[in-house]
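# Breakdown of the fold
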Amino acid sequence: MIDFDKSEGLVPAIIQDSRSGVVLMLGYMNREAYEKTVKEKRVTFFSRSRQKLWTKGETSGNFLTVKEIITDCDEDTLLIKVVPAGPVCHTGADTCFDEINKPDSLEFLRSLETLIQERKRELPEKSYTTRLFREGIPKISQKVGEEAVETIIEAMKEDQERFKEESADLMYHLLVLATALDVTFDEIVDTLRKRH
């Protein structure tokens, strides 16, 4: 339970992008702002300067859609994980700390894996990934082999740009194959960790 009485009715709320892990901003909530945030799944703060509630994005349209709310160990600070609809800062910057909000490489691979898993479940028409899943593990395995050979060829030529392109193709097809086999990226990383 959040202790709103500890700091005269307000608790700090740290806003973090649920996908990238980047801290976007800090705001304050009273009980009413917190309850509205929970109910509407959009972040609402209590403005200390205006002495009233304000929903982030009500002017700009850049709402913060709530994915998860976590209370700290003292129950007097919130961590709210969100999906932002656009830049968060009133200056137009991605964050109020003037950082660029983009996922690190591992987070991007996880989000790509999530998209591939969705394609496997939903099998949308006109999707290359859907076509691969429908053709089955032998075809996906063949594509992994082809991309591996193309990656090696570009490495032997020492063509860095083409090597990066072919490596990206190889990683994508390897994630598709892993998903087809119900193996996750984290399980592969755990295997690497055990070997280390």
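My aim in this report is to walk through the structure given alongside it, one point at a time.

### Things to note about the environment of Cys96
- Tracing the backbone shows Cys96 in the loop between β6 (78-84) and α2 (105-122).
- With relative accessibility at 38%, the residue Cys96 sits in the partly exposed group.
- For Cys96 and Lys39, which are 57 residues apart along the polypeptide, the C-alpha to C-alpha distance reads 25 Å.
- Look past the residues within four positions of Cys96 in its chain and what remains in contact with it is Leu24, Met25, Val88 and Cys89.

### Some words on helix α4 (residues 137-157)
- For α4, with 21 residues, the first-to-last C-alpha span of 30 Å sits near the 30 Å given by 1.5 Å per residue.
- Taken together, the buried positions of α4 are occupied by Ile140, Lys143, Val144, Glu147, Thr151 and Glu154. Looking down the long axis of α4, one finds its buried residues gathered within 100° of arc, a one-sided arrangement. Exposed side of α4, more than 90 degrees from the buried face: Pro138, Ile152, Met156 and Lys157 are the residues found there.

### Digging into the sheet that holds strand β1 (residues 11-17)
- Taking strand neighbours across the sheet as the criterion, the 4 strands line up as β2-β1-β6-β5 in an open arrangement whose pairing is mixed. Unpaired on one side and paired on the other, β2 (23-29) and β5 (64-71) mark the two borders of the sheet. Sheet twist, expressed as the average angle between the axes of neighbouring strands with direction ignored, equals 25°.
- The pairing of β5 with β6 spans 7 bridges and is classified as antiparallel. Residue Val66 lies in a different strand from β6, and its bridge partner there is Val82.

### Focus on unusual backbone geometry
- Of note in the backbone geometry, Asp98 takes a positive phi value of approximately 55° without being a glycine.
- On the secondary structure map, Asp98 appears in the loop between β6 and α2.
- Judged by relative accessible area, which is 65%, Asp98 ranks as exposed.
- With phi around 45°, Leu123 is a residue other than glycine that occupies positive phi space.
- Relative to the helices and strands, Leu123 is located in the loop between α2 and α3 (128-135).
- Overall, Leu123 belongs to the partly exposed group, its relative accessible area being 29%.

### Focus on the side chain of Thr44
- Following the sequence through the fold, Thr44 ends up in strand β3 (residues 44-47).
- Polar side-chain contacts of Thr44 include one of 2.8 Å to the side chain of Thr55.
- With sequence-adjacent residues up to four places away left out, Thr44 is seen in contact with Met29, Ala33, Lys36, Thr37, Leu53, Trp54 and Thr55.

### Focus on the pattern of salt bridges
- For the structure shown, the criterion picks out 14 salt bridges.
- Two residues, Asp76 and Lys6, come together in a salt bridge whose shortest N-O distance is 3.4 Å. Residue Asp76 is located in the loop between β5 and β6, and its partner Lys6 is located in the segment before β1; the two are separated by 70 residues in the primary sequence.
- Overall, Asp76 belongs to the buried group, its relative accessible area being 15%.
- Residue Glu154 is joined to Lys157 by a salt bridge in which the shortest nitrogen-to-oxygen separation is 3.8 Å. Pair noted here: Glu154 and Lys157 are both in helix α4, with a separation of 3 residues, about one helical turn.
- Linked by salt bridges that have partners in common, Lys143, Glu146 and Glu147 make up one network.

Rules and cut-offs
Residues numbered from 1 in each chain as written. Predicted model: local features only at pLDDT ≥ 70, side-chain atom pairs only at ≥ 80, totals over all residues. Heavy atoms only, no water. Helix = DSSP H or I, 4+ residues; strand = E, 2+ residues; numbered from the N terminus. Buried < 20%, exposed > 50% of the residue type's maximum accessible area, 1.4 Å probe, protein only. Contact = heavy atoms within 4.5 Å. Expected span 1.5 Å × (residues − 1). Arc of directions from axis to C-beta. Pairing = 2+ DSSP bridges. Axes fitted to C-alpha atoms, helices over the stretch in contact; angles between N-to-C directions. Polar contact = N/O pair within 3.5 Å; in protein donor to acceptor, adjacent residues only side chain to side chain. Salt bridge = Lys/Arg side-chain N within 4 Å of Asp/Glu carboxyl O.

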